Amino acid sequence: MAKIIVVTSGKGGVGKTTSSAAIGTGIAMKGHKTVIIDFDVGLRNLDLIMGCERRVVYDFVNVINKEATLSQTLIKDKRTKDLFILPASQTRDKDALTIEGVQEVLEALSKEFDYIICDSPAGIEKGAQMALYFADAAIVVTNPEVSSVRDSDRILGILQSKSKRAEEGKEPIEEHLLLTRYHPERVALGEMLSVSDVEDILAIPLLGVIPESEAVLKASNQGTPVILETESEAGLAYTDAVDRLMGEEKPFRFLEVQKKGFIKRLLGG
């Protein structure tokens, strides 16, 4: 049976789809057959970040409505051998997703894949609740700002009360915190919450801290998961996060203000 991981947040624009693409790619690179599902019906961004938007013929809703099969709909990633994408529909609304339909698709995928990554829409509306309902684990993505962290706290409440595991009294969903757009200089100036501030508020295990990086925007625009940008701090931070998700011990990097060398100081860099 596949492990179902939802990537979720309370607030939009925190880097959920970027994180879903990076983490799904990282898991597949370790030899685990992985599929990333875009639950953001009506918007659909995962295919853009994965660079496969021109290859979308059928979508998640087509599969639920029996208008296409999974084998017709799944898109095989060109860069990573064991990675597939199940795109969302741009022309339907969130009501097209049903508990029964989503369950049937997840059960079919579980027979073929090791990991299913559910890229959730932001907030607590139907699409987001569908994405988390069947999850075994959740990666809660937040920025180091008060409103984002507060909204993530609300998502944690929903994970603990409205998931299938909660309803059936099973082991709770495994929770992980992914802190994105972290800027040590702004933290030092008191303009941004620190890692420890966020950990104190949310009180769930820290999976990764992704530094603010131009590489994220550049990779997204090029249709490449940023984890493949191995020269960038963001790419390395996502690699560390995947290693921790797989049970490896990894020290946290890019949390401190970096001291500038003499030449950089001289040139004002």
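Residues numbered from 1 in each chain as written. Predicted model: local features only at pLDDT ≥ 70, side-chain atom pairs only at ≥ 80, totals over all residues. Heavy atoms only, no water.

### Re the nonpolar core
Within soluble globular proteins, side chains that are nonpolar generally end up buried alongside one another. To be explicit about the condition: In this text, buried Ala, Val, Leu, Ile, Met, Phe, Trp, Tyr and Cys residues form a nonpolar core when linked through side-chain atoms within 4.5 Å. Exposure is judged per residue with a 1.4 Å probe applied to protein chains only, and the accessible area is read against the type maximum: over 50% gives exposed, under 20% gives buried, and values in between give partly exposed. Numbering of helices and strands runs from the N terminus, with a helix taken as a DSSP run of H or I at least four residues long and a strand as a DSSP run of E at least two residues long. Two residues qualify as a contact provided that any one of their heavy atoms is within 4.5 Å of a heavy atom in the partner residue.
Ranked by internal contacts, the top residues of the largest apolar core, which has 50 residues, are Leu86 and Leu109. Looking at which element gives the most residues to this core, the answer is helix H7 (residues 146-161), with 5 residues. With residues near it in sequence (within four places) discarded, leucine 109 still touches Val35, Ile37, Leu70, Leu74, Leu86 and Ile116. Core analysis: the second largest hydrophobic core is formed by 36 residues, Ile36, Ile75, Ala137 and Ala237 among them.

### Digging into the pairing of strand S8 (residues 206-211)
Two faces, one strand: in a regular strand the side chains alternate between the faces of the sheet. Worth spelling out the cut-off: When DSSP finds two or more bridges between a pair of strands, those strands are recorded as paired.
Within S8, 6 of the 6 residues are buried, which leaves the element mostly enclosed by the surrounding structure. Inspection of the sheet shows strand S7 (residues 174-182) paired to S8 by 4 bridges, in the parallel sense. Within S8, the position partnered with leucine 177 by the bridge is leucine 206.

### Overview of the packing of helix H1 (residues 16-29) against helix H12 (residues 233-245)
In a packed pair of helices, the relevant descriptors are the angle between the two axes and the axis-to-axis distance. Rule in force here: Fitted lines through C-alpha atoms serve as axes, helices being fitted only where they are in contact, and the angles separating the N-to-C directions of these axes extend from 0 to 180 degrees. Throughout this description, any angle smaller than 35 degrees is read as roughly parallel, any larger than 145 degrees as roughly antiparallel, any in the 65 to 115 degree range as roughly perpendicular, and the remainder as oblique. By definition, turning the near helix anticlockwise from the far helix through less than a right angle yields a left-handed crossing, and turning it clockwise yields a right-handed one. Three residue categories are used. Nonpolar comprises Ala, Val, Leu, Ile, Met, Phe, Trp, Tyr, Cys and Pro, charged comprises Asp, Glu, Lys and Arg, and polar comprises the others, including Gly.
Where H1 meets H12, the closest approach of the two axes is 9 Å, and the angle between their N-to-C directions is 60°. Compared by their axis directions, H1 and H12 come out oblique. Considering how the two elements wind past one another, H1 and H12 form a crossing that is right-handed. For the pair H1 and H12, the contacting residues are Thr18, Ser19, Ala22, Ile23, Gly26 and Ile27 in the first and Tyr238, Val242 and Leu245 in the second. Split into classes, the residues belonging to the contact of H1 with H12 amount to 6 nonpolar, 3 polar and no charged.

### A look at helix H10 (residues 195-202)
The cut-off we apply is this: In this description, one arc is meant: the one made by directions from the helix axis to the C-beta atoms.
Those residues of H10 that fall on the buried side of the exposure criterion are Val195, Val198 and Leu202. Across the axial projection of H10, the buried residues extend over an arc of 70°, all falling on one side. Close packing links the buried residues of H10 with strand S6 (137-142), H7, S7 and S8. The first or second residue beyond H10 is alanine 203, which carries a positive phi of 55°.

### A word on the sheet that holds strand S5 (residues 115-119)
What the 8 strands build is an open sheet, ordered S3-S4-S2-S5-S1-S6-S7-S8; its pairing is mixed. The open sheet terminates on both sides in strands that have one partner only, identified here as strand S3 (75-76) and S8. Its contacts with the sheet put H1 on strand S1 (3-8), strand S2 (34-38), strand S4 (83-86), S5, S6 and S7, and the angle it makes with S5 is roughly 170°. Docked against the sheet, H7 engages S1, S6 and S7, running at close to 165° with respect to S6.

### Re the pattern of salt bridges
So the rule is basically this: For this analysis, a salt bridge means a side-chain nitrogen from Lys or Arg found within 4 Å of a carboxyl oxygen belonging to Asp or Glu.
Enumeration according to the criterion identifies 17 salt bridges in this entry. For the salt bridge of glutamate 248 with lysine 30, the shortest nitrogen-to-oxygen distance reads 3.2 Å. A residue pair is termed long-range when its members are at least 10 positions apart, and glutamate 248 in the loop between H12 and helix H13 (262-267) and lysine 30 in the loop between H1 and S2 qualify at 218 residues. Classification of glutamate 248 as partly exposed rests on a relative accessible area of 37%. With a shortest N-O distance of 2.9 Å, glutamate 104 and lysine 66 are connected by a salt bridge. Of the two residues, glutamate 104 is situated in helix H5 (residues 99-110) and lysine 66 in the loop between helix H3 (60-64) and helix H4 (70-73); the sequence distance between them amounts to 38 residues.

### Concerning the packing of aromatic side chains
As a reminder of what qualifies: Stacked, tilted and edge-to-face are the three classes applied to pairs of Phe, Tyr and Trp rings, where Trp contributes its six-membered ring and a pair requires centres within 6.5 Å; stacked means planes under 30 degrees apart, edge-to-face means over 60, and tilted covers the rest. The criterion is that NZ of a Lys, or CZ of an Arg, lies within 6 Å of the ring centre and within 35 degrees of the ring normal, and then a charge sits over that ring.
All chains considered together, the criterion is met by 3 aromatic pairs. Measuring from ring centre to ring centre gives 5.1 Å for phenylalanine 39 and phenylalanine 60, while their planes differ by 80°; the resulting arrangement is edge-to-face. Separated by 21 residues along the polypeptide, phenylalanine 39 in the loop between S2 and helix H2 (46-49) and phenylalanine 60 in helix H3 bring together distant segments of the chain. Ring geometry for phenylalanine 84 against phenylalanine 113: centres 5.5 Å apart, planes inclined by 75°, an arrangement best described as edge-to-face. Within this pair, whereas phenylalanine 84 is found in strand S4, its partner phenylalanine 113 is found in the loop between H5 and S5, the two being separated by 29 residues in sequence. Both residues of the pair, phenylalanine 84 and phenylalanine 113, count as buried. The ring of phenylalanine 113 has lysine 33 sitting right over it, with the charged end atom 5.0 Å from the ring centre.

### As for unusual backbone geometry
The backbone phi angle of arginine 44 is positive, close to 60°, even though this residue is not glycine. Structurally, the position occupied by arginine 44 is in the loop between S2 and H2. On the basis of relative accessible area, arginine 44 is assigned to the buried category, the value being 12%. A positive phi angle, close to 55°, is found at arginine 181, a residue other than glycine. Relative to the helices and strands, arginine 181 is located in strand S7. You can call arginine 181 partly exposed: its relative accessible area is 41%.

All we've got here are geometric facts, nothing functional implied.
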